[in-house]
Amino acid sequence: MVPGGLVRGGERPGPIALIQVVLGGTGCPARFRVVELVRRDSVAVTEQFGTCNEAPSAVWFDRAGALWMRFDPYAPHFIRADPEYRDPPPTTWVYRTGGRLREVKSADAAGAAR
């Protein structure tokens, strides 16, 4: 999925979009928001989320229609250049209708239905 592209799945009242919020710089180049058309005259918008990586590594809908987004960790090049640096595990968020977004722990995300 391309950030900012419309995606659809499950029993959603309307389309949703994963929007990239470009922050610039190297400390945290980007975050994301999910925007959902709930009714003709109403949208739900999440707070900014993500790991600062510029794109999710995986995006999928589960059987119930929830949108799952996995992001690899982000660290500027000078931090990654340290021979002792080790990436933490990816971070996963799940979005459910009406603006409900939560971070999911690794073990729960691994068991999510694709």
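Each chain carries its own residue numbering, running from 1 in the written order of its sequence. Given that the model is predicted, a residue must reach a pLDDT of at least 70 before its local features are reported, and side-chain atom pairs must reach 80 or more before they are shown or counted; all residues, however, enter totals for whole chains, interfaces and linings. In computing side-chain values, all of the structure's heavy atoms are included and hydrogens and water are not.

Participant: Mind showing me how you'd approach the pattern of salt bridges here?
Facilitator: For side chains bearing opposite charge, pairing can occur when the charged atoms are close. Any carboxyl oxygen of Asp or Glu that lies within 4 Å of a side-chain nitrogen of Lys or Arg is treated as forming a salt bridge with it. Under the definition given, this model contains 2 salt bridges. Of the charged contacts in the structure, one is a salt bridge between Asp41 and Arg39, with a shortest N-O distance of 3.9 Å. When the shortest N-O distance is used, the salt bridge between Asp87 and Arg80 registers 3.0 Å. Looking at Asp87, the relative accessible area reads 44%, which means it is partly exposed. Arg80 sits in the partly exposed class, given a relative accessible area of 34%. The classification of residues rests on relative accessible area computed with a 1.4 Å probe and restricted to protein chains. Under 20% of the type maximum is buried, over 50% is exposed, and intermediate values are partly exposed.

Participant: When you look at the sheet that holds strand β5 (residues 58-61) in this model, what are you seeing that I'm missing?
Facilitator: Sheet strands pair by backbone hydrogen bonding; their relative direction is either parallel or antiparallel. By the convention used here, strands pair only if DSSP detects at least 2 bridges between them. Helix and strand definitions here come from DSSP, where helices need a minimum of 4 consecutive H or I residues and strands a minimum of 2 consecutive E residues; each element is numbered from the N-terminal end. Spatially, β5-β6-β7-β8 is the arrangement adopted by the 4 strands of the open sheet, whose pairing is antiparallel. The open sheet has two edge strands, β5 and β8 (100-104), and neither has a second partner. Adjacent strand axes in the sheet meet at a mean angle of 20 degrees, parallel and antiparallel pairs treated alike. Bridge count for β5 against strand β6 (residues 67-71) is 4 bridges, and the pairing is antiparallel. Each bridged residue has a counterpart across the sheet, and for Ala58 the counterpart in β6 is Arg70. For helices, the fitted line uses only the C-alpha atoms of the stretch in contact; every axis is such a line through C-alpha atoms, and the angle between N-to-C directions lies from 0 to 180 degrees.

Participant: Can you help me understand the packing of aromatic side chains in this one?
Facilitator: Given two aromatic rings, one states the distance between the centres and the angle between the planes to describe the pair. The aromatic pairing rule takes the rings of Phe, Tyr and Trp, using the six-membered ring of Trp, and pairs them if the centres are within 6.5 Å, calling planes under 30 degrees apart stacked, those over 60 edge-to-face and the rest tilted. For the coordinates displayed, the defined rule picks out 5 aromatic pairs. Summarising the aromatic geometry, the rings of Phe32 and Phe71 are spaced 5.1 Å apart at their centres and angled 50 degrees between planes, so their arrangement reads as tilted. On the criterion of sequence distance, the pair formed by Phe32 in strand β3 (residues 30-39) and Phe71 in strand β6 is long-range, its members being 39 residues apart. Its relative accessible area of 1% is what places Phe32 among the buried residues. For Phe71, a relative accessible area of 0% gives the class buried. Between Trp60 and Trp68 the ring centres are 6.0 Å apart and the planes differ by 10 degrees, which places this aromatic pair in the stacked class. Trp68 carries the same exposure label as Trp60, and that label is buried.

Participant: Whenever I open this one, the state of the cysteines confuses me. Can you help?
Facilitator: In protein chemistry, a disulfide is the covalent bond that joins the sulfur atoms of two cysteines. In this description, a disulfide is simply a cysteine sulfur pair whose atoms lie within 2.5 Å. According to the stated counting rule, one finds 1 disulfide in the structure shown. The partner cysteine of Cys28 in its disulfide is Cys52, sulfur to sulfur 1.9 Å. In this structure the cystine formed by Cys28 and Cys52 twists about its S-S bond by roughly -90 degrees; its chirality is therefore left-handed. Taken as a pair, Cys28 in the loop between β2 (16-22) and β3 and Cys52 in the loop between β4 (42-45) and β5 lie far apart in primary sequence, 24 residues in all. The same class applies to Cys28 as to Cys52, namely buried.

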